[in-house]
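One letter stands for each residue in the lines below.
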Amino acid sequence: MTSRLVTTDVLVIGGGLAGERCAIEAAAAGHEAVILSLVPPRRSHSCAAQGGMQASLANCAKAAGDNPTVHFLDTVRGSDWGADQEVATIFAEEAPTAVRELAHFGVPWSRVRGGKNHYFIKGEEVDIDEALESDGLIGQRDFGGTAKWRACYAAAGTGHAALYAVDSEVVRLGITVRDRAEAVALLHDGSRCVGAVVRDLRNGSHFAVMAKATVIATGGYGRIYGQYTSNATINEGTGASIALDTGVVPLGNMEAVQFHPTTLSPSGILVTEGCRGDGGYLLDKNGDRFMVEAEPEKQELASRDVVSRHMQQRMRDGFGIDSPYGPHLWLDIRHLGEEHLRTKLLEVWDICRDFVGRNPAKELIPVRPTQHYSMGGVRVNKDGQAYGLSGLFAVGEASCWDMHGFNRLGGNSLSETLVSGRIVGRRVAEFASGNALKADTGLAFAALADAERKAADWRARTGAGPNVYEIRDAMGETMMHKVGIFRNGDELQEAVGELGQLLDDCDHAVLRCKDPGVNPELAFALRLKGMLRLAMTVAKGALARTESRGAHYRTDYPLRNDAEWLNRTLVRWGANDSDPTLSYEPTGIIDLPPGHRGYGSDERIEMTDTLEHHNEDVLQEQARHGRLASTEEMGSRLRRGAWKAVTG
Amino acid sequence: MSDTEQRRRLRFEIFRYNPEDENSEPHMDVFELEEAPFMTLYIALNQIREKQDPGLQFDFACRSAICGSCGMMVNGRPALACRTLTADLPETIQLYPLPTFKLVGDLSVDTGTWFREMAEKTEAWIHERLPFDPDAVEDRMSDDVAAAIYEGDRCIECGCCVASCGLANVDEDFLAGAGLNRVARFMMDPRDGRSDADWFDVVAGEQGVFACIGMMACADVCPKELPLLDVYAYLRRRTLGARFVAKADKAG
């Protein structure tokens with residue numbers, strides 16, 4: 001039996017790559033760190049990242065000329081100008097170090113083979129000589145939306161290899177990991193966060209952890225799309241949800257939800273973008289490569305939002321392959337050959353065999369776009385410090401840092417976990433060094449009692465109320481079909497109404513399991529309201545944003561509108577408030593002016609303001625929206641005008 | 001199986017015990033459900049929990065056979081439930097939790113503690129030669145060496161090999177397949193500074209590769225099809241080599 005009150009220096013909520021890397025930084029600085037994880041950390045969803053991790057190492061022939069500035073450009077274009085350009089700069093500059101550090105931790109990165117290499121590029125078989133002096137350096141493969149080959153990889157198990165290496169560092173440093181533990185509320189007084197209340201998923205008891213600094217690293221919230229997600233069952237947005245509950249911490253850009261073009265139909269299991277990066281095609285029911293006409297320049301390797309929309313449209317136009325679970329398209333990687341598939345794409349080979357009973361060297365793979373990534377999350381400044389609550393940090397997919405804007409490039413999230421883990425970890429360590437533990441035990445015991453009361457309330461409900469799993473399924477249907485790839489005002493309005501009803505149902509739902517201990521139905525019920533609240537912030541944000549940007553596409557407002565919507569949505573919603581409050585802050589200081597992405601539509605509503613004028617009040621505006629001061633001045637890391645050297 | 005074919009009625013016999021409930025006794029419960037096309041044990045167990053018994057405990061996370069959460073005994077054999085198709089099983093499906101791990105409840109076991117202890121015991125991390133230099137280009141490695149290390153790194157720590165191991169079932173300290181594979185993975189990594197002599201106690205001790213009784217169930221059940229036979233042979237050869245080296249040193 002654990003003590004009901006635990007103290008530490010740094011509490012990290014979430015044991016995936018971002019959380020663990022952050023904890024390593026804090027521990028290396030001499031702080032005691034405790035990691036909470038829903039599952040043993042090596043089972044975190046970081047392990048599911050397959051194809052690659054973006055970093056401009058420029059080691060192979062098709063990566064020649066790559067550098068952090070090109071990576072920055074690709075990232076901002078990918079984001080449809082929704083990214084914070086300073087954060088994108090920092091990210092691109094530090095990604096190569098993060099990849100090399102992983103090599104130091106033990107990741108067996110695929111390496112360049114000097115001499116003749118055989119590749120498939122845009123439908124052509126080509127032989128390329130890799131320089132002999134590059135032999136043995138970390139190799140790169142092609143991914144979507146990038147000017148250069150930049151994705152470093154370990155077969156199609158890159159996330160797995162990275163997570164095991166980083167977790168081995170956690171073990172080496174002796175960092176405490178409490179697995180099967182879920183943070184259910186943050187401890188705070190409205191201005192300072194001092195830890196969290198935790199539910200022990202081994203026995204259903206609760207305890208409080210008081211810490212100098214608290215880090216949310218709980219990943220995405222894909223499961224608000226029910227079964228229509230590539231995400232693991234554990235990606236229920238618990239971290240974003242407890243931050244939202246505070247009422248003072250805003251979530252950023254919740255409507256920015258990524259749909260991955262190639263997930264298995266119907267299970268939604270991810271099939272890496274590396275398949276297309278290595279030369280795979282998308283085919284419709286007639287065997288046509290429709291992406292060649294749709295995107296002549298990038299073809300299958302346009303950004304994910306663009307490819308997913310073309311696929312969805314192709315199926316709507318009747319060119320999908322019918323199945324009992326709805327239409328799908330084909331991914332064709334047969335021409336890559338069995339040897340390539342069983343080495344560089346081994347995990348895809350396994351997944352095809354295990355889940356659709358197909359040999360991808362001989363048969364086509366049924367795929368369709370499915371929810372995949374949450375660009376939105378806990379809004380933080382460039383140090384990872386959350387808006388509105390000192391001592392609370394967020395990192396990785398759980399955060400809105402915000403380098404992805406309205407569309408993340410493939411392979412950029414794996415890099416983000418490590419790059420931001422390093423940077424935010426350093427800031428967390430500094431915070432823990434400069435701030436004493438604020439051991440307000442009264443606050444902790446009150447929050448503990450509140451968490452226990454919530455569980456007891458669920459147990460006490462009787463009668464014939466709705467079932468929590470049916471509410472979850474209804475939420476998923478609403479989200480996929482009305483807050484999905486193509487959105488419009490009428491359907492979004494319906495979605496808001498339906499989610500409101502489901503929130504009401506949730507308040508009247510009744511458990512059928514009253515067992516003591518773990519009680520999986522109760523554990524899920526305790527998360528359900530938070531998931532519905534996150535879903536509502538996505539739907540309301542999408543309804544209010546009357547433009548199309550990145551993955552947020554409105555058929556009734558099909559153009560990107562830089563005159564009115566070059567901003568970031570912030571949403572606050574205290575646990576006891578009836579409705580969320582939306583507000584908008586500037587995306588950040590803009591250096592690369594809004595323009596064409598190089599794929600997708602070139603039509604847009606131009607910015608009317610000048611950049612100089614726009615940039616003038618960015619700092620004050622963001623501060624007004626809750627941004628806390630960063631260690632270094634805002635904008636200090638921007639490389640103003642550096643992009644001109646690349647774009648000419 | 002097409003939609004029009006007669007669907008099977010599956011009978012699940014599932015081990016139940018909730019250690020947190022003083023009224024709970026270990027027993028088997030029976031559930032029935034209609035099979036659907038491409039039904040996996042992930043789909044079936046969730047259906048049972050959501051429609052029949054909401055207290056049923058089991059673990060899934062990725063549901064795509066990469067996270068290693070869902071190892072369980074399926075008709076007497078350790079397997080990953082998420083990738084097990086009911087179509088490959090008879091109508092009666094018996095499910096037990098993996099042995100050798102502490103039971104959390106029903107089909108859920110605590111693999112996290114076992115694997116953390118194993119990692120600590122074998123010091124399963126790169127024993128660095130030099131501290132990381134953030135400004136330096138990476139050390140070179142041949143792609144073949146990288147591929148060989150990756151092969152060992154593919155273990156997902158699901159625990160199926162441990163549960164299948166005749167020795168691990170009676171000796172809780174035995175490293176078993178996953179542990180020995182982990183050791184071999186670091187042993188072959190040129191970045192790891194440990195010498196064969198450093199490895200000797202870990203590999204040659206009572207918990208190590210020579211304790212293996214060679215039934216090789218581990219290799220039969222490994223969902224990642226890791227070449228465990230080759231791994232053990234590699235460990236034996238390297239360890240014996242180390243012994244000769246150690247003797248020679250002494251003699252010298």
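Asks: Please clarify how the overall build of chain A should be interpreted in this entry.
Replies: Along the backbone of chain A there are 18 helices and 22 strands. Taken against the 2.2 N^0.38 rule, which gives 26 Å for 648 residues, the C-alpha radius of gyration of chain A at 23 Å falls within 12% of a compact globule. Each principal axis of the C-alpha atoms in chain A carries an extent, and together these give about 70 × 55 × 50 Å. Buried positions account for 67% of the 648 residues belonging to chain A.

Asks: For this particular structure, what's the right way to read the overall build of chain B?
Replies: In terms of regular secondary structure, chain B is built from eight helices and seven strands. Principal axes of the C-alpha set define a box for chain B whose edges measure 75 × 40 × 35 Å. Across chain B, the fraction of contacts at a sequence separation of at least 24, relative to all contacts at a separation of at least 6, is 64%. For chain B, the accessible area works out to roughly 11500 Å², and carbon and sulfur atoms hold 50% of it. Charge centroids of chain B, computed over 27 positive and 44 negative side chains, lie 4 Å from each other.

Asks: Could you clarify how one ought to interpret the packing of helix α2 (residues 68-78) of chain A against helix α3 (residues 85-105) of chain A in this entry?
Replies: Helix-helix packing is described using two parameters, namely the angle between the two axes and the distance between the axes. All names here are of chain A. In contact at an axis separation of 8 Å, α2 and α3 are set at 135° when each is read in the N-to-C sense. When the axes of α2 and α3 are compared, the pair comes out oblique. Our pair here, α2 against α3, has a crossing hand that is right-handed. Two secondary-structure elements touch here, α2 through Pro68, His71, Phe72, Thr75 and Val76 and α3 through Gln85, Ala88, Thr89, Phe91, Ala92, Glu93 and Ala95. For the contact of α2 with α3, the class distribution of residues is seven nonpolar, four polar and one charged.

Asks: So what exactly am I meant to see when it comes to the sheet that holds strand β3 (residues 71-74) of chain B here?
Replies: The pairing of strands in a sheet happens through backbone hydrogen bonds and is either parallel or antiparallel. Residue and element names in this part refer to chain B. As summarised here, the arrangement of the five strands in space is β2-β1-β5-β3-β4, forming an open sheet in which the pairing is mixed. Only two strands of the sheet have a single neighbouring strand rather than two, namely β2 (27-34) and β4 (77-80). Taken pair by pair, the neighbouring strands of this sheet meet at an average axis angle of 35°, ignoring direction. In the sheet, β3 pairs with strand β5 (residues 92-96) via two bridges, with the strands oriented antiparallel. Its bridge partner being in β5, valine 74 is matched across the sheet by leucine 95. Helix α1 (residues 41-51) contacts β1 (9-16), β2, β3 and β5 of the sheet and is inclined by roughly 75° relative to β1.

Asks: When you look at the interface of chain A and chain B in this model, what are you seeing that I'm missing?
Replies: Frequently, the measure chosen for interface size is the accessible area that the parts lose on association. Between chain A and chain B, the residue contacts involve 76 residues of the former and 70 residues of the latter. When the two sides are added together, the surface that chain A and chain B hide from each other amounts to roughly 5800 Å², 50% of it contributed by carbon and sulfur. In this assembly, chain A and chain B are joined by 11 salt bridges. In this structure, arginine 83 of chain B engages aspartate 354 of chain A in a salt bridge whose closest nitrogen and oxygen atoms are separated by 3.4 Å. At the junction of chain A and chain B, the tally comes to 43 residue pairs in polar contact (both at pLDDT 80 or more).

Asks: Help me out: how do you make sense of the packing of aromatic side chains in this one?
Replies: Under the criterion given, the structure shown has 12 aromatic pairs over all chains. Each ring, one from tyrosine 225 of chain A and one from phenylalanine 259 of chain A, has its centre 5.7 Å from the other, and the planes form 90°; the classification is edge-to-face. Placement of the pair is tyrosine 225 of chain A in the loop between β10 (206-216) and α5 (238-245) and phenylalanine 259 of chain A in strand β12 (residues 257-264), with a sequence separation of 34 residues. Each of the two residues, tyrosine 225 of chain A as well as phenylalanine 259 of chain A, counts as buried. For the pair phenylalanine 393 of chain A and phenylalanine 431 of chain A, a centre-to-centre distance of 5.8 Å together with 75° between the ring planes defines the contact as edge-to-face. Of this pair, phenylalanine 393 of chain A sits in strand β17 (residues 392-394) while phenylalanine 431 of chain A is found in helix α11 (residues 412-434), placing the two residues 38 residues apart along the sequence. We classify phenylalanine 393 of chain A as buried; its relative accessible area is 2%. A residue is classified by how much of its surface remains accessible, and phenylalanine 431 of chain A, at 14% relative accessible area, is buried. The rings of Tyr42, Phe58 and Phe60 of chain B are connected pair by pair, giving a single aromatic cluster. Seen from the ring of phenylalanine 319 of chain A, arginine 314 of chain A lies directly overhead, with NZ or CZ sitting 4.0 Å from the centre. Above the plane of the ring of tryptophan 573 of chain A lies arginine 533 of chain A, whose end atom (NZ or CZ) is 4.5 Å from the centre.

Asks: Explain the nonpolar core to me, please; I cannot follow it from the model alone.
Replies: The tendency in soluble globular proteins is for nonpolar side chains to be buried as a group. Counting 141 residues, the largest nonpolar core has Ile224, Tyr225 and Met475 of chain A as its most contacted members. Top element by residues in this core is helix α15 (residues 520-544) of chain A. It accounts for 12 residues. Leave out the neighbours within four places in its chain, and isoleucine 224 of chain A touches Met475, Gly476, Met479, Met531, Leu534, Ala535 and Val538 of chain A. Ranked by size, the runner-up nonpolar core spans 62 residues in total, among them Trp349 of chain A together with Val74, Ala81 and Ile93 of chain B.

Cut-off values and rules
- Residues numbered from 1 in each chain as written.
- Chains lettered and ligands numbered in written order.
- Predicted model: local features only at pLDDT ≥ 70, side-chain atom pairs only at ≥ 80, totals over all residues.
- Heavy atoms only, no water.
- Helix = DSSP H or I, 4+ residues; strand = E, 2+ residues; numbered from the N terminus.
- Rg over C-alpha atoms; globule rule 2.2 N^0.38 Å.
- Buried < 20%, exposed > 50% of the residue type's maximum accessible area, 1.4 Å probe, protein only.
- Contact = heavy atoms within 4.5 Å.
- Areas by Shrake-Rupley, 256 points an atom, 1.4 Å probe, with all protein chains shown as cover.
- Lys, Arg positive; Asp, Glu negative; His and termini not counted.
- Charge placed at Lys NZ, Arg CZ, Asp CG, Glu CD.
- Axes fitted to C-alpha atoms, helices over the stretch in contact; angles between N-to-C directions.
- Parallel < 35°, antiparallel > 145°, perpendicular 65-115°, else oblique.
- Left-handed = near helix turned anticlockwise from the far one by under 90°.
- Nonpolar A, V, L, I, M, F, W, Y, C, P; charged D, E, K, R; others polar.
- Pairing = 2+ DSSP bridges.
- Buried area = accessible area lost by both parts, 1.4 Å probe.
- Salt bridge = Lys/Arg side-chain N within 4 Å of Asp/Glu carboxyl O.
- Polar contact = N/O pair within 3.5 Å; in protein donor to acceptor, adjacent residues only side chain to side chain.
- Phe/Tyr/Trp six-rings, centres within 6.5 Å; stacked < 30°, edge-to-face > 60°.
- Lys NZ or Arg CZ within 6 Å of the ring centre and 35° of its normal.
- Core = buried A, V, L, I, M, F, W, Y, C linked by side-chain atoms within 4.5 Å.

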